[in-house]
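Overview (structure and organization)
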Amino acid sequence: MTKTANSKIAKATSKRPARGYATRANASAKSEGEKEERGQAPADQPKLLSGGNPQIAKGYGDAPVQAYVAAMPGWKSAVGRRLDQLIMRAVPEAQKAVKWNSPLYGMEGNGWFLGIHCFAKYIKVAFYNGASLSPPPPVESKTANARYFHIHEKDEIDEAQFSDWVKQASRLPGERM
């Protein structure tokens, strides 16, 4: 670059904003407000990742799973609460954790048998050894053993079938993650 080009850049970047233009602090505050309007969480709420999946810190036990469920956007939160209830009713001794921004359910010493993940238009329930369930959950996976159950906003959940899948899955070897 020439000396003239460098000096023009230096002058342009060092100028104070003219009246009517936002300063950095005001622009930052405006940006935060815009984030809330676009559905992104304020600083004290979990951030929603692509597709609306809540970003929850890795943790073990009920508390991080409940934080994830509470942060699920819109209709998904109520469905998430119901899924958690059904899972724990079917397998009361199931262990819980949140890893990779997804609640996991497993059996102590036997690995994780089920995971939940939010997408823009549905909730995915992953049965890690779902190909061995009878009948298998309806959605195939690229992974040979995994099968998925997708829940969309207006879907009715066959709670008896879902609970049966959960019970079967809990007795199978789980995933080590």
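Below: a short report on this structure. Because the structure is a prediction, the values reported are computed rather than measured. (Residues numbered from 1 in each chain as written. Predicted model: local features only at pLDDT ≥ 70, side-chain atom pairs only at ≥ 80, totals over all residues. Heavy atoms only, no water.)

Our focus in this paragraph is the packing of aromatic side chains. The description of an aromatic ring pair uses the distance of the two centres, along with the angle that the planes make with each other. Evaluation of the coordinates by the stated rule reveals five aromatic pairs. Ring plane angle 20° and centroid distance 5.1 Å describe the contact between Phe-119 and Tyr-122, whose orientation is recorded as stacked. You can call Phe-119 partly exposed: its relative accessible area is 28%. By way of ring pairs, the aromatic residues Phe-127, Phe-149, Phe-162 and Trp-165 are connected into one cluster. Sitting above the plane of the Tyr-148 ring, Lys-124 keeps its charged end 4.0 Å from the centroid. (Phe/Tyr/Trp six-rings, centres within 6.5 Å; stacked < 30°, edge-to-face > 60°. Buried < 20%, exposed > 50% of the residue type's maximum accessible area, 1.4 Å probe, protein only. Lys NZ or Arg CZ within 6 Å of the ring centre and 35° of its normal.)

This brings us to the environment of Leu-172. For Leu-172, the position within the fold is in the segment after helix 5 (159-170). Separated by 60 residues in sequence, Leu-172 and Trp-112 place their C-alpha atoms 9.7 Å apart. Leu-172 has contacts with Asn-110, Asn-129, Ser-132 and Leu-133, leaving out every residue within four places of it along the chain. (Helix = DSSP H or I, 4+ residues; strand = E, 2+ residues; numbered from the N terminus. Contact = heavy atoms within 4.5 Å.)

Residue placement: Asn-129 occurs in the loop between strand 5 (122-127) and strand 6 (139-140). Looking at Asn-129, the relative accessible area reads 19%, which means it is buried. Between the C-alpha atom of Asn-129 and that of Gln-168, which follows or precedes it by 39 residues, the distance is 9.6 Å. Residues in contact with Asn-129, not counting those within four places in the same chain, are Asn-145, Leu-172 and Pro-173.

Attention shifts here to the sheet that holds strand 7 (residues 147-152). Spatial ordering of the open sheet is given by 1-2-3-4-5-7-6, a layout of seven strands whose pairing is antiparallel. The open sheet has two edge strands, strand 1 (59-60) and strand 6, and neither has a second partner. Lying on the sheet, helix 4 (residues 75-90) is in contact with strand 2 (95-99), strand 3 (102-107), strand 4 (111-118), strand 5 and strand 7; it crosses strand 5 at an angle near 25°. (Pairing = 2+ DSSP bridges. Axes fitted to C-alpha atoms, helices over the stretch in contact; angles between N-to-C directions.)

Judged by nonpolar contacts, the single largest core of 30 residues is most densely connected at Leu-114, Val-125, Phe-127, Phe-162 and Val-166. The set of elements that each furnish at least two residues to this core consists of helix 3 (62-71), helix 4, strand 3, strand 4, strand 5, strand 7 and helix 5. The leading source of residues in this core is helix 4, at five residues. Residues in contact with Phe-162, not counting those within four places in the same chain, are Leu-83, Leu-86, Ile-87, Leu-114, Val-125, Phe-127, Phe-149 and Ile-157. (Core = buried A, V, L, I, M, F, W, Y, C linked by side-chain atoms within 4.5 Å.)

Over its twelve residues, helix 5 extends 16 Å from the first C-alpha to the last, a length consistent with the 16 Å expected when each residue adds 1.5 Å. Listed as buried for helix 5 are Phe-162, Ser-163, Trp-165, Val-166, Gln-168, Ala-169 and Ser-170. (Expected span 1.5 Å × (residues − 1).)

Along helix 3, the positions that sit buried rather than exposed are Pro-64, Val-65, Tyr-68, Val-69 and Ala-71. The elements touched by buried residues of helix 3 are strand 1, helix 4, strand 2, strand 3 and strand 4.

Moving on to unusual backbone geometry. Leaving glycine aside, a negative phi is the common case for residues, and trans is the common case for peptide bonds. Omega for the peptide link from Ser-134 to Pro-135 comes to -10°, which places this bond in the cis form. Assignment of secondary structure puts Pro-135 in the loop between strand 5 and strand 6. With phi around 50°, Trp-100 is a residue other than glycine that occupies positive phi space. Tracing the backbone shows Trp-100 in the loop between strand 2 and strand 3. Judged by its relative accessible area of 59%, Trp-100 falls in the exposed class. Although it is not a glycine, Asn-101 sits at a positive phi angle of roughly 60°. Classification of Asn-101 as buried rests on a relative accessible area of 18%.

By themselves these figures say nothing about function.
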